[in-house]
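What the coordinates show
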Amino acid sequence: MFQVKFAEKTMSFDAPLSVFDAAKAAELVSRAHLAAEVDGVLVAMTHQLSADCEVKLLTYADEGGKRVFNHTAAHVLAQAVKRLYPACKLTIGPAIEGGFYYDFDSDTPFSAEVLSALEGEMKKIVKENLLIERFELPRAEAVALMEERAEPYKVQLINELPADAVISFYRQGEFVDLCAGPHLFATGAVKAFKLTQCTGAYWKGDQSNKMLQRVYGVAFPSKDELKAHLEALEEARRRDHNKIGRELEYFTTVESIGQGLPILLPKGARTVQILQRWIEDEEQKRGYLLTKTPLMAKRDLYRISGHWDHYRDGMFILGDAEDETKECFALRPMTCPFQYQVFLNKKRSYRELPMRLGETSTLFRNEDSGEMHGLIRVRQFTISEGHLILRPEQLEEEFRGCLELAKYVLDTVGMLENCSFRFSQWDPARAGIKYEGTAEQWEHAQTVMGTILDNLGVTYEIGIDEAAFYGPKLDIQYKNVFGKEDTIVTIQIDMLLAEKFGMEYVDSDGQMKTPYIIHRTSLGCYERTLAYLIERYAGALPTWMSPEQVRILPIGEEHIDYAYAVRKALAARGVRVEVDDRNETIGKKIRTAQLEKLPYMLVIGENEMTAGTVAVRSRKAGDMGVMSVDDFATAILAEIAEKRR
RNA sequence: GCUGCUAUAGCUCAGUCGGUAGAGCACGUCAUUGGUAAUGACGAGGUCAUCGGUCCGAAUCCGAUUAGCAGCUCCA
């Protein structure tokens, strides 16, 4: 006799039975239930219950249910591949956020035609509605089974499992796969799916391993959901900064200039300038000192900082790096060693700390050729860089200040709601290779940072091996319209570099002490931020950061002079305003296509000219009626000053 | 860097079997037009990304390079 506790009711059973049967007995089960959590563990509906437990039934709307569903879809894909291409070797095929993939070792890449053939075979498998059965084997038999089926990657996976691991397999029809599960009851549930693409992916994610063929797909319990998903994807493409940023003339690229070196066109440059001025002013208010340091330095500097050892591949080097008899320069990939020279300029007192240094800093990083992407990942970029040089006891307070500033900035531009926090830590396994400093120093820095984060109530994920070579980071991750994440802002604690550079201050007791350093950005990379703003607002930036805030449309040639007078009056008050006096706009047919991205347009005709007014049309509020130029200027300036979204 | 796809006018694209280049939009001129999406006529624009190869002949086939896209790896 044992009790199964569902959310709705509790049932008692005498003999072991499956989750499905238990739920059926409780009259709770429906077709939508894909899997369950038993005492918090994700299991299949076929999972056997034999003791007291708490059961939560999961549908596709639950993360776990979705995962099981997608994972089964991956198995259906693998079965189809083995049917059509028996020579392909299976590797792994997990569910991922927004779908699934399966990696195959195949001599030929899967073309679009192959993918649609695979989809056809998958449909058959779904229609066959094969039961999915789990079985477990001892290690030797498991290896024998996979060897018999000529699956070397599976053999390797089994051999790598810990000694006490349960080795489980799933069978559906003729297809058997090493898999921890859980899975759906049968293949028939995978009603709607689509194989989205095939790309290369390294075995175990290691560049030195063989490249496999990865097939990506999405799967849903109904065709409608699939359709909705594909439409949402289409909508995301419409917001893609790399497309509309070019269309709206924010930036472009030129083949002869090179990869990762975008041209900011007047609109892009203007918005970046607006953001920059705002950040520099905001930082000044918060006690930052502005610096301007060189974009390059001799290799000697990078030797001190450690960049020469840890970051040389990422730098653009001018001259022969190997020839010690000649001068060798490198463009800067980071600002730290330059900005430290400001502190080092003279002997410093504890009274000067915290010293908050800020710089709108252009950096150069020689990224691998396949990494570049629009304005998101480039080789030359400008960040709102800063370094805070502190007494150790100031660390928490200053860290809080950095976090507050970053949150304020991201909130103001409207990006905070799509941000998450990542506590990026080192990987001790790569001590000395990727990371400078001792284990003690790292543990100390990470402990301090963890405490600060906890004290500040920051909820974060931990990212192992995501730290900088000199210290742990709090990375603020932004999720873009495609669901992809990138770091937008970073706050880092550095207990190493000050010592390397011989940075010291005279403490109140007269002793020389080594300061702590916080590396941080406030808005992060301007290019990347611009890209995300374009996506966030689908190109229609809020008035205060819009490169063109107002466009004046004279209706009829005789009103052009007045239009320019209005332009002059508004421009004199700092409004970014243009007159569109082209032929087409003078006539009956005024183009509004280009105006949908503009905050305001002012239409001027006979009545307005005579009365000295403008007819205001707002992107947000629609027709706002006729008002005096002065009233309009006052209104828009108030909006700009408040940075209203 | 790796795997795959792609490159024709400013943009979106067509161009069949290898036979010397096309449309719409945008742009220019003129005419027309008066309150919110695309008036008419005419015009200008391209060594078909670059370099090389095959061929009597290459936008088309092959190779390399460059750039763009997706993913991997790496990263702000």
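What you see as residue numbers is a count from 1 along each chain, following the sequence as written. Each chain takes a letter, starting from A, and each ligand takes a number, starting from 1, following the order in which they are written. Since the coordinates come from a predicted model, pLDDT governs what is reported: local features require at least 70, and pairs of side-chain atoms require 80 or more to be given and counted, while whole-chain, interface and lining totals use all residues. Side-chain numbers here rest on the full set of heavy atoms in the structure, without hydrogens or water.

So, the overall build of chain A
Of regular secondary structure, chain A possesses 19 helices and 36 strands. Dimensions along the principal axes, computed over C-alpha positions, put chain A at roughly 85 × 75 × 55 Å. The buried share among the 645 residues of chain A stands at 50%. Any two residues having at least one pair of non-hydrogen atoms within 4.5 Å are treated as being in contact. Sequence-distant contacts in chain A: of pairs separated by 6 or more residues, those separated by 24 or more amount to 68%. To measure how exposed things are, a 1.4 Å probe is used in the Shrake-Rupley method; for residues, cover is taken only from the protein chains shown. Counting every atom, chain A has about 30400 Å² of accessible surface; 50% of that belongs to carbon and sulfur. Of the charged side chains in chain A, 80 are positive and 97 negative; the average position of the first set lies 3 Å away from that of the second. Under the DSSP-based scheme used, a helix requires at least four consecutive residues in state H or I and a strand at least two consecutive residues in state E, with every element numbered from the N terminus. For every residue, the accessible area obtained with a 1.4 Å probe (protein chains only) is divided by the maximum for its type, and the residue is called buried under 20%, exposed over 50%, and partly exposed between those limits. The charge count includes Lys and Arg as positive and Asp and Glu as negative, but it does not include His or the ends of the chains. Just so you know, the charge point we use is NZ for Lys, CZ for Arg, CG for Asp and CD for Glu.

Concerning the protein's contact with RNA strand B
Working definition: residue near molecule or strand if any one of its non-hydrogen atoms lies within 4 Å of it. Close to RNA strand B lie 51 residues; Q197, Q207, N242, S369 and T487 are nearest. In RNA strand B, atoms within 4 Å of the protein come from the sugar-phosphate backbone in 55% of cases. Secondary-structure elements contributing two or more residues to the surface near RNA strand B are strand 14 (192-202), strand 15 (211-220), strand 34 (600-604) and strand 35 (613-618). Per element, the largest residue contribution to the surface near RNA strand B is 5 residues, and it comes from strand 14. In the scheme used here, Gly and all other residues not listed as nonpolar or charged are polar, with Ala, Val, Leu, Ile, Met, Phe, Trp, Tyr, Cys and Pro taken as nonpolar and Asp, Glu, Lys and Arg as charged. Split into classes, the residues belonging to the surface near RNA strand B amount to 16 nonpolar, 17 polar and 18 charged.

Looking at helix 8 (residues 266-285)
End to end, helix 8 covers 28 Å across 20 residues, agreeing with the expected 28 Å (1.5 Å per residue, within 8%). A positive phi of about 85 degrees marks G287, the residue just after helix 8. Any helix carries an expected span of 1.5 Å times its number of residues minus one.

Considering the pattern of salt bridges
A carboxyl oxygen of Asp or Glu within 4 Å of a side-chain nitrogen of Lys or Arg is what we treat as a salt bridge. One pass over the structure, following the stated rule, counts 45 salt bridges. Salt-bridge contacts for R239 lead to E235; the nearest nitrogen and oxygen are separated by 3.6 Å. You can see R239 and its partner E235 sitting in helix 6 (residues 223-239), 4 residues apart, about one turn around the helix. Judged by its relative accessible area of 33%, E235 falls in the partly exposed class. For the salt bridge of K473 with D475, the shortest nitrogen-to-oxygen distance reads 3.7 Å. Accessibility assignment for this pair places K473 and D475 in one class, buried.

Points about the nonpolar core
The term nonpolar core refers to a set of buried residues drawn from Ala, Val, Leu, Ile, Met, Phe, Trp, Tyr and Cys, joined through side-chain atoms within 4.5 Å. Grouped together as the largest cluster of nonpolar side chains are 73 residues, with contacts concentrated most on V550, L570 and F632. Here the element with the most residues in this core is helix 12 (residues 395-413); it accounts for 9 residues. Apart from the residues within four sequence positions on either side, L570 is in contact with V550, V575, V577, L602, V629, F632 and A633. Membership of the second largest hydrophobic core comes to 41 residues, among which are A35, L42, V76 and F100.

Description of the environment of Q380
With respect to the helices, strands and loops of the structure, Q380 is situated in strand 24 (residues 380-390). Once the C-alpha coordinates of Q380 and E283 are considered, the two residues, 97 residues apart in sequence, prove to be 23 Å apart. For Q380, the residues in contact, after removing those within four places along its chain, are G260, L261, T362, L363, F364 and E527.

Points about the environment of D105
One can find D105 in strand 10 (residues 99-105). Apart from the residues within four sequence positions on either side, D105 is in contact with C88, K89, T91, Y153, K210 and L212. Between N or O atoms, a polar contact is any pair within 3.5 Å; within protein, one atom must be a potential hydrogen donor and the other a potential acceptor, and residues adjacent in sequence are included only when both atoms are from side chains. A polar contact is formed between the side chain of D105 and the side chain of Y153, at a distance of 2.5 Å.

So, the side chain of T529
Mapped onto the elements, T529 comes out in helix 15 (residues 526-536). Classification of T529 as buried rests on a relative accessible area of 0%. Within the structure, the side chain of T529 is placed 2.8 Å from the backbone oxygen of C525, a separation counted as a polar contact. Once you skip the residues sitting within four places of it in the chain, T529 turns out to touch L275, M415, I488 and L523.

What about the packing of helix 8 against helix 12?
Each axis is a line fitted through C-alpha atoms, and for a helix only the stretch in contact is used; angles between axes span 0 to 180 degrees, taken between their N-to-C directions. Contact pair helix 8 / helix 12: the axes reach a minimum separation of 12 Å and the direction vectors enclose 145 degrees. As for the relative orientation of helix 8 and helix 12, their crossing is right-handed in sense. Here helix 8 contributes L275, W278, I279, E282 and E283 to the contact with helix 12, which in turn contributes L405, Y408, V409, T412 and V413. Per-class residue counts for the contact of helix 8 with helix 12 are 7 nonpolar, 1 polar and 2 charged. Each helix crossing is assigned a hand: it is left-handed if the near helix lies turned anticlockwise from the far helix by less than a right angle, otherwise right-handed if that turn is clockwise.

Looking at the sheet that holds strand 12 (residues 168-172)
Strand pairing requires that DSSP identify at least two bridges connecting the strands. Reading across the sheet, the 3 strands line up as 11-12-13 and stay open at both edges, with antiparallel pairing between neighbours. The sheet terminates laterally at strand 11 (132-136) and strand 13 (175-178), the two strands that pair on one side only. Going from strand to strand, the sheet's axes swing by 25 degrees on average, the running direction of each strand aside. Relative to strand 13, strand 12 is paired through 4 bridges, and the arrangement is antiparallel.

Looking at the side chain of T187
Tracing the backbone through its elements, the reader meets T187 in the loop between strand 13 and strand 14. A polar contact of 2.9 Å, which involves the side chain of T187, links it to the backbone oxygen of I125.

Some remarks on the sheet that holds strand 7 (residues 53-58)
Judged by pairing direction, the sheet is mixed, and its 5 strands sit side by side in the order 2-1-7-4-5 without closing on themselves. Looking along the sheet, the strands with just one partner apiece sit at the ends: strand 2 (10-13) and strand 5 (41-44). Geometrically, the sheet is characterised by an average inter-axis angle of 30 degrees between neighbouring strands, direction not taken into account. Here strand 1 (residues 2-5) runs beside strand 7; their pairing, made up of 2 bridges, is parallel. Bridge pairing in strand 7 places V4 opposite C53. Contacts from helix 2 (residues 63-84) reach strand 4 (35-38), strand 5 and strand 7 within the one sheet, and its direction differs from that of strand 5 by about 45 degrees.

Some details on the confidence of the model for chain A
Taken residue by residue, chain A gives an average pLDDT of 89. The fraction at 70 or more is 98%. Among the prediction metrics, the complex's ipTM stands at 0.89, with pTM recorded as 0.90. Note: pLDDT gives the predictor's confidence per residue, expressed from 0 to 100.

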